[in-house]
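Read off the chains here:
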Amino acid sequence: MKKLKQLSVTAIAGMMMVACGQNKTEEQVSTTAETETVTPAEQPAAAQDQDTIEVALNAEDAMKFDKSEIKVPAGKLIRLTLHHVGKLPKSSMGHNFVLLKQGTDVTAFATKAVQEGKAPDFEVPESLLPEVIAHTKTIGGGESVTIEFTAPEVGSYDFICSFPGHAAMMNGKLIVE
Ligand SMILES: [Cu+2]
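Residues numbered from 1 in each chain as written. Predicted model: local features only at pLDDT ≥ 70, side-chain atom pairs only at ≥ 80, totals over all residues. Heavy atoms only, no water.

Trainee: Pulling in residues and values, what's your account of helix H4 (residues 106–116)?
Mentor: Restricting attention to buried positions, one finds in H4 the residues Phe109, Ala110 and Ala113. One side of H4 carries all its buried residues, which in axial view fall inside an arc of 95°. Away from its buried face by more than 90 degrees, H4 exposes Thr107 and Gln115. Each element contacted by the buried residues of H4 is listed here: strand S5 (98–100), strand S6 (132–135) and strand S8 (155–160). (Buried < 20%, exposed > 50% of the residue type's maximum accessible area, 1.4 Å probe, protein only. Helix = DSSP H or I, 4+ residues; strand = E, 2+ residues; numbered from the N terminus. Arc of directions from axis to C-beta. Contact = heavy atoms within 4.5 Å.)

Structure (structure tokens):
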């Protein structure tokens, strides 16, 4: 009996968390703020109660991510850290993480990023941001950058490095379950 009671309490708590998570999806799906610019006061209180999923992604001088697939639960706050574990500077081997909205033509996006991505920072061009769910700034060897975003609805999403010429090799899928 005692065990049963504990189980049902856990189930109710679980349901409440799911309900919270769904609300957050709608509010935060377009949030792309970088953690370094978000102060605790600006974060909705509920976001701090939520379990945060930590994701680490490495990129190296050989123009590769160490993961081609990242799985996350829908509606959760994702704290993603991109580590550039190489040595080359941003000017020749910059890397970033760009999560694209569903339906985005990855090749067309990458082509525009080549045309419009400006030295020396090679940030995601502003004209392309409407197609982006979340992205980091572009970093060079030895640097790291962390962003937080809420996992979008269940589905498969492309992520790339938008540094000129990298997307063909540096790409993968964010699987939201
Ligand atoms: Cu890159």
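Trainee: Could you give me a rundown of the nonpolar core, with the residues and numbers involved?
Mentor: One finds Phe97 and Phe149 to be the most contacted residues of the largest nonpolar core, which totals 26 residues. Taken together, the elements giving at least two residues each to this core come down to strand S1 (52–60), strand S3 (69–72), strand S4 (77–84), S6, strand S7 (144–150), S8 and strand S9 (171–176). When residues no more than four places from it in sequence are discounted, the contact partners of Phe97 are Leu57, Leu80, Leu82, Ala134, His135, Thr136, Ile147, Phe149, Phe159 and Ile160. Counting residues in each nonpolar core, the second largest holds 10 residues, with Leu100, Phe109, Val124 and Ile160 among its members. (Core = buried A, V, L, I, M, F, W, Y, C linked by side-chain atoms within 4.5 Å.)

Trainee: How would you summarise the environment of Cys161 if you had to cite specific residues and measurements?
Mentor: Summarising the element assignment, Cys161 is placed in the loop between S8 and S9. Along the chain, Cys161 and Ala59 lie 102 residues apart, while their C-alpha atoms are 9.4 Å from each other. With near-sequence residues (within four places) excluded, Cys161 lies in contact with Phe65, Gly94, His95, Asn96, His166, Ala167 and Met170.

Trainee: Give me the environment of Val176: which residues, what numbers.
Mentor: Mapped onto the secondary structure, Val176 falls in strand S9. For Val176, a relative accessible area of 3% puts it in the buried group. Each C-alpha atom, one on Val176 and one on Lys71, is 5.9 Å from the other, the two residues being 105 residues apart in sequence. Setting aside anything within four residues of it in sequence, one finds Val176 in contact with Val72, Pro73, Ala74, Ala151, Pro152, Glu153, Val154, Gly155 and Tyr157.

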